[in-house]
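# Structural features, examined
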Amino acid sequence: MADFDEELDASGLNCPLPILRAKKALAGMESGKVLHIIATDPGSVKDFEAFSKQTGNELIESKEEGGKFHFLIRKA
Amino acid sequence: MEQKKLAIIATKGTLDWAYPPFILGSTAAALGYEVEIFFTFYGLQLLKKNLDLKVSPLGNPGMPMPMGMDKWFPILGLALPGMEAMMTSMMKKKMASKGVASLEELRELCQEAEVRFIACNMTVELFDMDPSDFIDGIELAGAARFFEFAGDADICMYM
């Protein structure tokens, strides 16, 4: 997994909380910084793709590892 | 790019139906939408400081019943005293165990994200509700006020 600046553990949270928490975390970050999100909700895979498309924050990486989902999002 | 707008009318006051307006409102706000929710009739219950919402199996054949309870308690059994309280408590436990947000949390997230809440003035008066029982930041207004926003909305939902 590439480098990141901040981390958000949304494990155990269900839709729409991972997206809402990520949005909040990104709001406190500078443009260009990268947020690493960890989630267990399988729906979050499609949701973060959709979030990225609609908000312009780039989804750099999305993968499953050890039963958890990991996302890297660069703030626009 | 011009900001998209979502207008929602919330008319139901049960625990299950309280979720859609707050889930969709908060998510749309996170995606950059400007959001207004117009609460009318039983939907006004969702604005109360103390949320005491129930879910009822009555008249709701689509509701999944745990442990085959619908077999032991067909139709009339669902009207037994205590059934609503039991189903409400089971639903809340189930939601907590699955990591579903509480209504209070989703409602707060909506307000943090500047989702605007409008209470229908006519139904507040019809039900003799006291606006001081509502959370802060509620606008009281009528149908014309709703259309002022909904007329320009990209999406309008009635729930």
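Residues numbered from 1 in each chain as written. Chains lettered and ligands numbered in written order. Predicted model: local features only at pLDDT ≥ 70, side-chain atom pairs only at ≥ 80, totals over all residues.

## Some details on the overall build of chain B
From N to C terminus, chain B includes 6 helices and 5 strands. Principal axes of the C-alpha set define a box for chain B whose edges measure 55 × 35 × 25 Å. Residues counted as buried form 29% of the 159 residues belonging to chain B. Taking the intrachain contacts of chain B between residues at least 6 apart in sequence as the baseline, contacts between residues at least 24 apart amount to 78%. (Helix = DSSP H or I, 4+ residues; strand = E, 2+ residues; numbered from the N terminus. Buried ≥ 20, exposed ≤ 12 C-beta atoms within 10 Å, placed from the backbone. Contact = placed C-beta atoms within 7 Å.)

## Details of the interface of chain A and chain B
With 11 residues of chain A at the interface, the matching set in chain B holds 11 residues. Secondary-structure elements contributing two or more residues to the side of chain A that touches chain B are helix 1 (17–27) and helix 2 (44–55) of chain A. With 4 residues, helix 1 of chain A is the single largest residue contributor to the side of chain A that touches chain B.

## Quick notes on the sheet that holds strand 4 (residues 68–74) of chain A
All names here are of chain A. If you trace the 4 strands from one edge of the open sheet to the other, you get 1-2-4-3, paired in mixed fashion. A strand with exactly one partner marks an edge of an open sheet, and here the two such strands are strand 1 (6–10) and strand 3 (58–65). Ignoring which end each strand starts from, the neighbouring axes of this sheet average 15° apart. Note that strand 1 and strand 2 (residues 34–39) share 5 bridges and pair parallel. Across the sheet, the residue bridging to aspartate 9 is isoleucine 38, located in strand 2. Packing against the sheet, helix 1 makes contact with strand 1, strand 2 and strand 4, and its axis sits at approximately 160° to strand 1. (Pairing = 2+ DSSP bridges. Axes fitted to C-alpha atoms, helices over the stretch in contact; angles between N-to-C directions.)

## Concerning the packing of helix 1 of chain A against helix 1 (residues 15–30) of chain B
Packing of helix 1 of chain A against helix 1 of chain B leaves a shortest axis separation of 9 Å and a crossing angle of 35°. At the point where helix 1 of chain A passes helix 1 of chain B, the crossing takes the left-handed sense. In this structure, helix 1 of chain A contributes Ile19, Leu20 and Lys23 of chain A to the contact, and helix 1 of chain B contributes Ser26, Thr27 and Ala30 of chain B. Residues belonging to the contact of helix 1 of chain A with helix 1 of chain B are distributed by class as follows: 3 nonpolar, 2 polar and 1 charged. (Left-handed = near helix turned anticlockwise from the far one by under 90°. Nonpolar A, V, L, I, M, F, W, Y, C, P; charged D, E, K, R; others polar.)

## As for the nonpolar core
Residue and element names in this part refer to chain B. Within the largest apolar cluster, 49 residues are counted, with the highest numbers of intra-cluster contacts made by Ala29, Ile37 and Phe39. In terms of residues, this core owes the most to one element, helix 1, which gives 8 residues. Sequence-distant contacts of isoleucine 37, that is, excluding residues within four places in its chain, are made with Ile8, Ala10, Pro21, Gly25, Val115, Phe117 and Ile118. (Core = buried A, V, L, I, M, F, W, Y, C linked by C-beta atoms within 7 Å.)

## A short note on the confidence of the model for chain B
A residue-level look at chain B finds 98% of positions with pLDDT of 70 or above and a mean pLDDT of 92. ipTM for the predicted complex: 0.88, alongside a pTM of 0.91. (pLDDT = per-residue confidence, 0-100.)

## Details of helix 2 of chain A
Residue and element names in this part refer to chain A. In this model, helix 2 (12 residues) spans 16 Å end to end at C-alpha, consistent with the 16 Å of a helix rising 1.5 Å per residue. What helix 2 keeps buried is the set Ser44, Phe48 and Phe51. Each buried residue of helix 2 lies within a common arc of 60° when the element is viewed along its axis, so the set occupies one face. Turned more than 90 degrees away from the buried face of helix 2 sit Lys46 and Lys53, all of them exposed. (Expected span 1.5 Å × (residues − 1). Arc of directions from axis to C-beta.)

## Here's the deal with unusual backbone geometry
Glycine aside, residues mostly have negative phi, and peptide bonds are mostly found in the trans state. Omega for the peptide link from cysteine 15 of chain A to proline 16 of chain A comes to 0°, which places this bond in the cis form. Its location among the elements puts proline 16 of chain A in the loop between strand 1 and helix 1. For glutamate 114 of chain B, which is not glycine, the phi dihedral falls at a positive 65°. Its place among the elements puts glutamate 114 of chain B in the loop between helix 4 (103–112) and strand 3 (116–120). The class for glutamate 114 of chain B is exposed, based on 10 C-beta atoms found within 10 Å.

## Some thoughts on the pairing of strand 4 of chain A
Residue and element names in this part refer to chain A. On strand 4, burial follows the alternation: Phe69, Phe71 and Ile73 on one face are buried, whereas Lys68, His70, Leu72 and Arg74 on the facing-out side are not. Relative to strand 4, strand 2 runs antiparallel, the two sharing 6 bridges. Note on strand 4: the bridge partner recorded for valine 34 is arginine 74. Pairing of strand 3 with strand 4 involves 7 bridges; the strand directions are antiparallel. Its bridge partner being in strand 4, glutamate 61 is matched across the sheet by leucine 72. Between strand 3 and strand 4, which pair antiparallel and follow one another directly, the connecting turn spans 2 residues, one of which, glycine 66, has a positive phi of 60°.

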